[in-house]
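# A look at the structure
Chain by chain, the residues:
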There are 2 protein chains.
Amino acid sequence: MPTIKDVALKAGVSVTTVSRVLNNRGYLSEDLKKKVYSAMNDLNYRPNELARSLSRSKSNIIGLIIPHVSHPFFGELTSHIEEHAYRNGYKLLLCNSQQDKHKELEYIDMLRASRVDGIIMGSHTLEVEAYRQMNLPLVTFDRRISPEIPYVCSDNYRGGVLATTLLINKGCLRLAHIGGHPELNILSVLRSEAFADTARQHNLPHTLLHTDNNSFDVGAYERLLAQLFNEQPDVDGIFAGSDLIAAYALKACRERGLRVPEDVRIVGYDGIALRSLLALPLSTIRQPIEEMGKLAVDLIIQQVHGGAVHAEYILPVELEEGATT
Amino acid sequence: MPTIKDVALKAGVSVTTVSRVLNNRGYLSEDLKKKVYSAMNDLNYRPNELARSLSRSKSNIIGLIIPHVSHPFFGELTSHIEEHAYRNGYKLLLCNSQQDKHKELEYIDMLRASRVDGIIMGSHTLEVEAYRQMNLPLVTFDRRISPEIPYVCSDNYRGGVLATTLLINKGCLRLAHIGGHPELNILSVLRSEAFADTARQHNLPHTLLHTDNNSFDVGAYERLLAQLFNEQPDVDGIFAGSDLIAAYALKACRERGLRVPEDVRIVGYDGIALRSLLALPLSTIRQPIEEMGKLAVDLIIQQVHGGAVHAEYILPVELEEGATT
DNA sequence: TTGTACGCGTTATCAG
DNA sequence: CTGATAACGCGTACAA
C-alpha cells in the first residue's frame, strides 16, 4: 500500500504538502493540488486511518454495545445508528453483549483499547460504577447512570399509560403485563409501573410477569405465557413490554384457541417493522426508533467536540392501533 | 490515558520490557512480570490498539458490508459473524450498504483506509472488477466473483428443488415464485432456476416474479403479491425467495381471504427465527446461518494468515416443514 | 508558500 | 535477559 511518502515523491513535493492537500490546510495553488491529486490517483492512494487516528488521537469510531443485533428492535436501532454515524464520518464497531456481564465488560475494555471516540450503550448488565469510571463520551438507552451520562429513551411511563388505557377503554377487565427484568434501574420498568398504576386507578385486577434475567430468551417468553394462561386463564388484556413479547403472546393465544381481539386484546411496545407481518397487525406503542438512533450519535459527537449535553432525552411515543385490540 | 511509557516508568523498567510482558515474548522472571502487571493495574493501563495496529500493520478488524442489518436474515447472520469474530480476537466494523452502489463503493474505500484485515461482502451492487482490484482478504455470500475470492452460500439449487417438490407433492398445480433481482450473477438466482426446472419437469404451469432492483423494499414485495393475485388468482403454491417474502405472501393470502395451506401453500427460504411468529409457522428451506457466518470469518482469518482457501463453500440446506404447506 | 523534524504509542531489531 | 533506537504513516509546530 502506498504511503504519503510515495505520493510526495511522485508529485515532486514534500509530505507536508501532500498532507496539506489532503486536509485542505492553508493556501494551495490549483496547480499544486492537481499535481498531488493525480499522483494520489495514479497510486490509488488512501490515507492510512490508523496513522491518522494515532496522530490526531481521534479514531472517528463509535462503539455500539447492544444485547443482540438479531433482536428486531435492536436491529432497526443499529441500522439507524450506523446510517447516521456514517453520514457524520464515523465508523461503527458492533458489539453484541448477549446480556452477558463478562462479555460486556470485555467489550468495554476492547473499545477503550481501540480508542473509540465514544460508546453507545444499549446493554446494561453492569453496575453504575463501571460506566462512571470510564472517561469517555457515553450515551445510554433507557438507563440512568449519572447526571453526566446522557440517556435516550422513549416516554416509557406515558407509553405504559397509553397501552393500558387502550385495553381498558376496549373493555378489558382482567389485565396482565409481561415485561423485562425490573432490575438495574432500567427505565423500561416504567412501562410496568405505568401499567400497574393505571390498572389500579381503574380498580382492575392485574398480573405482572417478567423474565428472570432480561436475557431476551424467547423460550422464557413462551414459559411466561404458559404460566400466565395457566394461572389466569380468563385474562382478557395483555400489555407486552415489547413487540416481540407481544408476538409470542399473540401466538400463544392462537395456539390455545383464544380469539384476538375478541377474547384477548394485546398491545405491544416498540413499533418494529415486523409487527405488520404477524397473524394480525399488532397494536403497539411506537418509539421513534430512527430519531433515537440519530440522537444517540449526535450526543456522542457533541461530547467529542466538548459540547455540553443534557442528562436526559425523553422522546415521545405514539399509540398505533392495529388489529389486536 | 496512560501509555506504555508511564507503565515503564512506574515499574522501573524500559518500555521494551513492558512490551515484552504485554506480548509474552522471550524469557521473563516472575518477579518482573508481577512488577509490570501491578504497574499496569495501578494505572489502569490498556495498550493502544491503534498504535499496535499501525506498528504491526494488522488491525484485527473485519469489515462487514451487508444491505441492511434490520433485515432479519442479515441480522442473524451479523450476530453470528460478530460472535465468531470476537472469539477470534477480531472486531467488526459494520456497514449497511442499503443496496446503494455509491454507498457500497464508499464503504469499501473506507474499510481499506481503515486497514481492515479483510472484508465480508453480503452486498453486491458493483461489477466484478471492483472487487477483484482490491488487494484484500475477501469473502462473499452468494456471489461468485473470481476463483481467488471464496464464496459461501447455501445449496441454493437444491433448496429450490426441495421447496418446489414439496409444493408439488402436496398437490399444488399452479405454482409461483417470488425472488430477488436475478442480476449480478447472485447465486440465489439458482433458487429461481431450480423452481422453474422442477415445475417444468412436472409439466406444471408456473409464474416467476422478482423485484426490480434487489432493494429489499417491502413495498415492492406487496406490489408483487398484488400483481400475482391479480394475474393468477388461482395460484395454489408459492415458493418465496426468502422467509420475509414468504411472510408477506402469507399476509397477502389472509388479506384476500385465501386459506393457508388449504387454498394456497407457501414455502420460504432462510430459516429465520421469526418464522415461528407468523400467523402460521412457516415452512421453509433452512440455511445453516450460524455455520455460514462462522465460515466466512474463518475464511478471512485463513487468508490473513496466508493460508489457501477453496473457491466455493456450499453448505447444505434443510427442508423444515411448518404449517403453511 | 513550502519543507524539516518531531510526536502519536507500539513493536521489532539490534547491541550490550 | 534487558535496553536504546528505528520504524509504522501521518499531522503539525516551527523554521526557511
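Labelled according to an unreviewed UniProt entry, chain A appears under the name LacI family transcriptional regulator, originating from Paenibacillus borealis.

The local shell around DNA strand C holds 23 residues, among which Thr16 and Thr17 of chain A together with Ile4, Tyr45 and Arg52 of chain B are the closest. The sugar-phosphate backbone supplies 66% of the atoms of DNA strand C found within 4 Å of the protein. A distance of 2.6 Å separates a phosphate oxygen of DNA strand C from a polar atom in the side chain of tyrosine 45 of chain B. A distance of 2.7 Å separates a sugar or linking oxygen of DNA strand C from a polar atom in the side chain of serine 55 of chain B. Elements with a minimum of two residues in the surface near DNA strand C: helix 2 (15-23) and helix 4 (49-56) of chain A together with helix 2 (15-23) and helix 4 (49-56) of chain B. Considering only residue class, the surface near DNA strand C consists of 8 nonpolar, 10 polar and 5 charged.

Attention now moves to unusual backbone geometry. With an omega of 5 degrees, the peptide bond running from valine 260 of chain A to proline 261 of chain A counts as cis. Positionally, proline 261 of chain A belongs in the loop between helix 11 (243-255) and strand 9 (265-270). The phi angle at glutamine 99 of chain B is positive, at roughly 55 degrees, despite the residue not being glycine. Mapped onto the secondary structure, glutamine 99 of chain B falls in the loop between strand 2 (91-96) and helix 6 (101-113).

Take helix 3 (residues 30-43) of chain B next. All names here are of chain B. Spanning 14 residues, helix 3 covers 20 Å between terminal C-alpha atoms, matching the ideal 20 Å at 1.5 Å per step. If you check which residues of helix 3 are buried, you get Val36, Ala39 and Met40. One side of helix 3 holds all its buried residues, which, seen down the axis, span an arc of 100 degrees. Summarising the geometry of helix 3, the exposed residues directed more than 90 degrees from the buried face are Glu30, Asp31, Lys34, Asn41 and Asp42. Here the buried face of helix 3 lies against helix 1 (4-11) and helix 2.

Below, the discussion takes up the UniProt feature "domain: HTH lacI-type" (unreviewed entry) in chain A. The sites that UniProt annotates as "domain: HTH lacI-type" (unreviewed entry) are residues 2-56 of chain A. Summarising residues 2-56 of chain A: 71% helix, 0% strand, and an end-to-end C-alpha distance of 21 Å.

Taken together, 21 residues are adjacent to DNA strand D, and Ile4, Tyr45 and Arg52 of chain A together with Thr17 and Arg20 of chain B come closest. Restricting the count to atoms of DNA strand D within 4 Å of the protein gives a sugar and phosphate share of 67%. Between a phosphate oxygen of DNA strand D and a side-chain N or O atom of asparagine 23 of chain A, the distance comes to 3.4 Å. Contacts to DNA strand D include serine 55 of chain A, whose side-chain N or O atom sits 2.8 Å from a sugar or linking oxygen. Broken down by secondary-structure element, the contributors of at least two residues to the surface near DNA strand D are helix 2 and helix 4 of chain A together with helix 2 and helix 4 of chain B. Looking at the surface near DNA strand D element by element, the count peaks at 4 residues for helix 4 of chain A. Residue composition of the surface near DNA strand D, grouped by class: 7 nonpolar, 10 polar and 4 charged.

All names here are of chain B. As for its position among the elements, glutamate 222 is in helix 10 (residues 218-231). The exposure class assigned to glutamate 222 is partly exposed, which follows from its relative accessible area of 39%. When the C-alpha atoms of glutamate 222 and tyrosine 248 are compared, they prove to be 6.7 Å apart, with 26 residues separating the residues in sequence. For glutamate 222, the residues in contact, after removing those within four places along its chain, are Tyr248 and Lys251. Separated by 3.3 Å, the side chains of glutamate 222 and lysine 251 make a polar contact.

It is worth spelling out the sheet that holds strand 10 (residues 283-286) of chain B at this point. All names here are of chain B. Ordered by their spatial adjacency, 6 strands build an open sheet running 7-6-8-9-10-12, and the pairing between neighbours is mixed. Since the sheet does not close on itself, it has two edges, and those belong to strand 7 (206-210) and strand 12 (318-320), each with one partner. For this sheet, the mean inter-axis angle between neighbouring strands, taken without regard to orientation, is 15 degrees. Where strand 10 and strand 12 come together, 3 bridges link them in antiparallel fashion. In the sheet register, arginine 286 faces strand 12, and the bridge partner there is glutamate 318. Where helix 8 (residues 156-169) meets the sheet, its contacts fall on strand 6 (175-179), strand 8 (237-240), strand 9 (265-270), strand 10 and strand 12, and the angle it forms with strand 9 comes to roughly 165 degrees. Contacting strand 6, strand 7, strand 8 and strand 9, helix 9 (residues 189-201) crosses the sheet at an angle of about 170 degrees to strand 7.

How each quantity is defined
- Residues numbered from 1 in each chain as written.
- Chains lettered and ligands numbered in written order.
- Predicted model: local features only at pLDDT ≥ 70, side-chain atom pairs only at ≥ 80, totals over all residues.
- Heavy atoms only, no water.
- Near = heavy atom within 4 Å.
- Polar contact = N/O pair within 3.5 Å; in protein donor to acceptor, adjacent residues only side chain to side chain.
- Helix = DSSP H or I, 4+ residues; strand = E, 2+ residues; numbered from the N terminus.
- Nonpolar A, V, L, I, M, F, W, Y, C, P; charged D, E, K, R; others polar.
- Expected span 1.5 Å × (residues − 1).
- Buried < 20%, exposed > 50% of the residue type's maximum accessible area, 1.4 Å probe, protein only.
- Arc of directions from axis to C-beta.
- Contact = heavy atoms within 4.5 Å.
- UniProt positions renumbered as here; feature names shortened; annotations may be inferred.
- Pairing = 2+ DSSP bridges.
- Axes fitted to C-alpha atoms, helices over the stretch in contact; angles between N-to-C directions.

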